[in-house]
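Reading the structure
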Amino acid sequence: MYLFLGVVLAALGVLAATNSLHVVERAVRVWPRPLDRRGAEAMASYEFLVRFVGLVVALVGVGLILAELLVS
């Protein structure tokens, strides 16, 4: 059970970390108003947060996989 969950979390985390710039670019395109300097800096911060959370989720997934392999 944890092996499957670990693989899913690792895959989703890697996907989020590698596509973080694409996600933020899409958000900028559909943003309801033109971005000024402050908005652009906020979008850059969001890109960092998406990448960071993706890497943490991937790390949790790898930890679950290792825990399942070591316990079994």
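Everything quoted here is computed from the prediction, not taken from an experiment. (Residues numbered from 1 in each chain as written. Predicted model: local features only at pLDDT ≥ 70, side-chain atom pairs only at ≥ 80, totals over all residues. Heavy atoms only, no water.)

Describing the overall build of the protein
When helices and strands are counted, the protein shows three helices and zero strands. Secondary structure of the protein in N-to-C order comes out as α-α-α. Here the C-alpha atoms of the protein give a radius of gyration of 16 Å, more than 25% beyond the 11 Å that 2.2 N^0.38 yields for 72 residues. Principal-axis analysis of the C-alpha atoms places the extent of the protein at approximately 55 × 15 × 15 Å. Each of the 72 residues in the protein was classed as buried or not, and the buried ones make up 18%. Long-range pairs, those at least 24 residues apart, make up 80% of the contacts in the protein with a sequence separation of at least 6. Surface exposure of the protein reaches about 5500 Å², of which carbon and sulfur atoms provide 73%. Each charge class in the protein was averaged separately, 6 positive and 5 negative side chains, and the resulting centres sit 8 Å apart. (Helix = DSSP H or I, 4+ residues; strand = E, 2+ residues; numbered from the N terminus. Rg over C-alpha atoms; globule rule 2.2 N^0.38 Å. Buried < 20%, exposed > 50% of the residue type's maximum accessible area, 1.4 Å probe, protein only. Contact = heavy atoms within 4.5 Å. Areas by Shrake-Rupley, 256 points an atom, 1.4 Å probe, with all protein chains shown as cover. Lys, Arg positive; Asp, Glu negative; His and termini not counted. Charge placed at Lys NZ, Arg CZ, Asp CG, Glu CD.)

Topic: helix H1 (residues 2-18)
For H1, built from 17 residues, the straight-helix expectation of 24 Å at 1.5 Å per residue is met to within 8% by its first-to-last C-alpha distance of 24 Å. Where H1 is buried, its residues contact helix H2 (20-29) and helix H3 (37-71). (Expected span 1.5 Å × (residues − 1).)

Details of the environment of Val-50
Along the polypeptide, Val-50 turns up in helix H3. For Val-50, a relative accessible area of 28% corresponds to the partly exposed category. Between the C-alpha atom of Val-50 and that of Val-23, which follows or precedes it by 27 residues, the distance is 8.6 Å. With sequence-adjacent residues up to four places away left out, Val-50 is seen in contact with Ala-16 and Ser-20.

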